[in-house]
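# Topology and contacts: notes
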Amino acid sequence: MSLLLGLLSHTLNRVLWYSGLRRGCHAPRNQAMEQDKALEVYGDWHIIRTIRDPEKPNTLEELEVVTESCVEVHEIGEDEYLVIIRFTPTVPHCSLATLIGLCLRIKLQRCLPFRHKLEIYISEGTHSTEEDINKQINDKERVAAAMENPNLREIVEQCVTEPD
């Protein structure tokens, strides 16, 4: 429910901003675009913060694996955005870093309300095999193959499903 409210709020803010019905509506277009980008980042952050850790009963936000500052949004075309997520595993040898990256990708692919290109990376210097994991979680074929595995798909679903 909170995800729905966040996305609804985001959409309403965009409509009000561009229609001129929101206070401060006389801002120049570039300020409107900056406001829009800030709303996109907030929306993306709101989507990933509730993903659960595969091993622990905590969310990725609670473990500081993801923070609001780990989300970047860049406009790459009309109504198309590049979303970059940089997450930090809890330990440099985390065996579940690939699974966490997969959960981030699946949740964002399902929930982003706009056309996007998605790049997910482990924060530089925070994992012993970050280059290999970055390749895996950004390879569409590997992601599709992983999601065909019923056991792995079940774990991902448990991690990305919103709590009631």
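Now for a look at the structure at hand. (Residues numbered from 1 in each chain as written. Predicted model: local features only at pLDDT ≥ 70, side-chain atom pairs only at ≥ 80, totals over all residues. Heavy atoms only, no water.)

## Structural notes on the pairing of strand 3 (residues 115-122)
To keep it simple, the criterion reads: Criterion used throughout: strands pair if DSSP finds at least two bridges between them. Only DSSP runs of H or I with at least four residues qualify as helices, and only runs of E with at least two residues qualify as strands; both kinds are numbered from the N terminus onward. Here a crossover is taken to be right-handed if, once the strands point away from the viewer, the path from the first strand over the helix to the second is traced clockwise.
Note that strand 2 (residues 80-87) and strand 3 share 8 bridges and pair parallel. Within strand 3, the position partnered with Leu82 by the bridge is Lys117. At this point the chain moves from strand 2, through helix 3 (residues 97-111), to the parallel strand 3, and the crossover so formed is right-handed.

## Comments concerning the sheet that holds strand 2
Counted only if it meets this: Here an angle of 0 to 180 degrees is reported between the N-to-C directions of two axes, which are lines fitted to C-alpha atoms, with helices fitted over the stretch in contact.
Strand order in this open sheet of 3 strands is 1-2-3, and the pairing throughout is mixed. Strand pairing shows two members of the sheet lacking a second neighbour, strand 1 (71-77) and strand 3, which therefore form its edges. For this sheet the average axis-to-axis angle between neighbouring strands, irrespective of direction, equals 20 degrees. Direction of pairing for strand 1 relative to strand 2: antiparallel, over a ladder of 6 bridges. Across the sheet, the residue bridging to Gly77 is Glu80, located in strand 2.

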